[in-house]
Amino acid sequence: MITVTVRAASVARARAIMAVLGRGAGQVELRLDDLADQEWEGLIAGSRLPVIATCRPRHEGGGFPGGEEERVEVLRRAAAAGAAAVDVELGSAAEVLLHELPPARLVLSVHDHSPGSESLEEHARCLLAAPRAVALKLAYTPRRVSDCLPGRVLLARAAGEGHRLILVPMGPAGIPGRVLAQVWGSLWSYAAPDGVPPAAPGQLPLAEMADLYDVAAIGPGTVLTGLLGWPVEASLSPWMHNRAARDAGLNARYLPFPEEDAADFLMNAPAWGLRGVSVTRPHKRTVLPWLDATTPAARACGAVNTLTFGEGRVEGDNTDAGGALAALRAVLPGDLSLDGCRVSILGAGGAARAVAWALSGEGARVTLHARRLSRAQAAAADLGVAAAPLAALAGCAPQVLVHATPVGSWPHAGESLLEEAAVPGRVVFDLVSFPRRTRLLAHAARGGAIIQDGVAMLVRQGEEQFRLWHGQAPPPGSFAAAAEEGIRRRGQEAVRG
């Protein structure tokens, strides 16, 4: 079951949000923090979904400005108005309600905002001392995605002792744990109403929890893949892979793993039961020492964007190279051949390496440009191509310009490495996928260049990853349509932000 947290500054706004909750909402957590001085009882009495009443004090990350006695009275009023349950913080004055209300109408909660999982055992010991009929809630803040895994152990322990535990890993690193919490045994999961900022860090919109990830349908037999990178919140890959799996009738989910420490992720990867992961910045080269094998393409590029797990081994591949080549060929004019073509690539990271290797293999004369010339020179030496300072771009007179850095991607969409007058090239290819029309591409289009966006490459490389992991091609057009859906949804989030 998914519990949708509704927090609003007015009763009217809360009512409007509750009235349009979509498919998948099983109950509402009504945050009374900001409504305590208003007439809110009708929200509970008139709700079409069961309501959990919460009134979080400021020292617990909430907004209630009054004292504890006043806050406890708000929760009593909520119970009298018909709330299915009230949320009581462990160790607070509100624990008095444990002696006033039936255990089945109580949620006893702990919220730990300090990063890490070191305090989980102490929190669990205190929570599991409560009566078994009381629902227990443990919200904590993973520092790394691997900090979600001890939460799974606690869920199994609680179930073994006859308790009902709700696990809420908060923050970006907690997102995969939020998606998998119910299959791990959590009583329910939390989501934000669609179109409304989340009430807690890492809380996903209802449409994503109920539709994109369909958390209630994840089971022990679900094939898990995902995306390793930092950051990953703007990525379109979860939309593409999950929609394609659904269209193909596969029981599979693709999860984001926002992680700065690739080594920690790979050491703990077997515990997640993953079949494979996509690798994005900044890990396309940092994962190399942890791999048991690499494909010829990955070795030649010196970077991987695809990991496949099996039989205790991890193999690295690179589908960026083929995806970039296909995307560029789709817009290359008939009178321009890659053989002998002058290509300038902005960047020296994993994506730039893959594109440089693919194009040089077609006979292109490739030059890498970077703000730090030493990085471009090191990558160029590995790949057998040229390197030059970014300031020397105009002198290279490229026929094709490829932008392979994160500059200009959300949330810094207005940025560009080049001024409008300094965008050379008959064809300009920007690997950024969100936003689709970057400032660089807008400048290039105004100058008369043929342009290609990063979605074209993202779709093609993702389709190859899908084939590698699932043993079949995705349904035709599924990835492209899902990318468009993801762009629309991410665009709406960007506007709200």
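Being a predicted model, the structure only gives us computed values, none of them experimental.

1. Regarding the nonpolar core
Item 1. Core analysis: the biggest nonpolar cluster contains 89 residues, and L30, L32, W40, V86, F265, W272 and L307 have the highest contact counts within it.
Item 2. Among residues more than four places away in sequence, those in contact with W272 are V145, C148, L149, P176, G177, L180, W184, L224 and F257.
Item 3. Of all hydrophobic cores here, the second largest spans 38 residues; its members include C341, A358, A376 and L431.

2. Here we look at the side chain of R71
Item 1. Inspection of the secondary structure assignment puts R71 in helix α3 (residues 68-80).
Item 2. Side chain to side chain, R71 and E68 meet in a polar contact 2.7 Å long.
Item 3. Setting aside anything within four residues of it in sequence, one finds R71 in contact with C55, P57, F64, E89, S92 and A94.

3. Quick notes on the packing of aromatic side chains
Item 1. One pass over the structure, following the stated rule, counts 7 aromatic pairs.
Item 2. Measuring from centroid to centroid gives 6.3 Å for Y254 and W469, while their planes differ by 35 degrees, and the two rings are tilted. With Y254 in strand β10 (residues 252-258) and W469 in helix α16 (residues 454-470), the pair connects residues that are 215 residues apart, well separated along the chain. Across this residue pair, the class does not change: Y254 and W469 are buried.
Item 3. Seen in terms of ring centroids, W410 and F434 are 6.4 Å apart; in terms of plane orientation they differ by 55 degrees. Their pairing is tilted. Taken together, the residues W410 in the loop between β18 (400-403) and β19 (427-430) and F434 in the loop between β19 and α15 (439-446) connect sequence positions 24 residues apart.
Item 4. Here W410 falls in the partly exposed class, since its relative accessible area comes to 30%.
Item 5. An aromatic cluster of three or more residues is present, and its members are W184, F257, F265 and W272.

4. Observations regarding the pairing of β19
Item 1. The alternating pattern of β19 places V427 and F429 on one face and V428 and D430 on the opposite face, and all of these are buried.
Item 2. As defined by bridge partners, β19 adjoins strand β20 (residues 450-452) across 3 bridges and the pair is classed as parallel. Bridging from a neighbouring strand, V428 pairs with I451 of β20.
Item 3. Crossover β19 to β20 through α15 is right-handed.

5. A look at the sheet that holds strand β5 (residues 106-115)
Item 1. Here we have 8 strands laid out as an open sheet, ordered β7-β6-β5-β4-β3-β2-β1-β8, and parallel in their pairing. Every interior strand has two partners, whereas the edge strands, β7 (164-169) and β8 (189-191), have only one. Adjacent strand axes in the sheet meet at a mean angle of 30 degrees when their direction is disregarded.
Item 2. When strand β4 (residues 85-89) meets β5, the two strands line up parallel, connected through 4 bridges.

6. Observations concerning unusual backbone geometry
Item 1. With an omega of -5 degrees, the peptide bond running from W230 to P231 counts as cis.
Item 2. Topologically, P231 is positioned in the loop between β9 (223-229) and α8 (237-247).
Item 3. A cis amide bond, omega 5 degrees, links R281 with the succeeding residue P282.
Item 4. Its place among the elements puts P282 in the loop between β11 (274-279) and β12 (293-294).
Item 5. The phi angle at D214 is positive, at roughly 40 degrees, despite the residue not being glycine.
Item 6. With respect to the helices and strands, the residue D214 is situated in the loop between α7 (206-212) and β9.
Item 7. Judged by its relative accessible area of 29%, D214 falls in the partly exposed class.

7. Describing the packing of helix α4 (residues 120-127) against helix α5 (residues 149-160)
Item 1. In the contact formed by α4 and α5, the axes pass within 11 Å of each other and the chain directions differ by 20 degrees. Relative to α5, the element α4 is oriented roughly parallel. Relative to α5, α4 is oriented so that their crossing is right-handed. In contact with L120, E121 and A124 of α4, α5 contributes P150, G151, L154 and R157.

8. Observations regarding the sheet that holds strand β17 (residues 386-389)
Item 1. Pairing is parallel in the open sheet, where 6 strands are placed in the order β17-β16-β15-β18-β19-β20. Because the sheet does not close on itself, it has two edges, and the strands there are β17 and β20. The average angle at which neighbouring strand axes cross in this sheet is 20 degrees, direction not considered.
Item 2. Against the sheet, helix α11 (residues 320-329) engages β18, β19 and β20, with an angle of about 145 degrees to β19.
Item 3. Sitting on the sheet, helix α13 (residues 373-383) touches β16 (365-370) and β17, and the angle it makes with β16 is about 150 degrees.

Rules used in this analysis
Residues numbered from 1 in each chain as written. Predicted model: local features only at pLDDT ≥ 70, side-chain atom pairs only at ≥ 80, totals over all residues. Heavy atoms only, no water. Core = buried A, V, L, I, M, F, W, Y, C linked by side-chain atoms within 4.5 Å. Buried < 20%, exposed > 50% of the residue type's maximum accessible area, 1.4 Å probe, protein only. Contact = heavy atoms within 4.5 Å. Helix = DSSP H or I, 4+ residues; strand = E, 2+ residues; numbered from the N terminus. Polar contact = N/O pair within 3.5 Å; in protein donor to acceptor, adjacent residues only side chain to side chain. Phe/Tyr/Trp six-rings, centres within 6.5 Å; stacked < 30°, edge-to-face > 60°. Pairing = 2+ DSSP bridges. Right-handed = clockwise from strand over helix to strand, strands pointing away. Axes fitted to C-alpha atoms, helices over the stretch in contact; angles between N-to-C directions. Parallel < 35°, antiparallel > 145°, perpendicular 65-115°, else oblique. Left-handed = near helix turned anticlockwise from the far one by under 90°.

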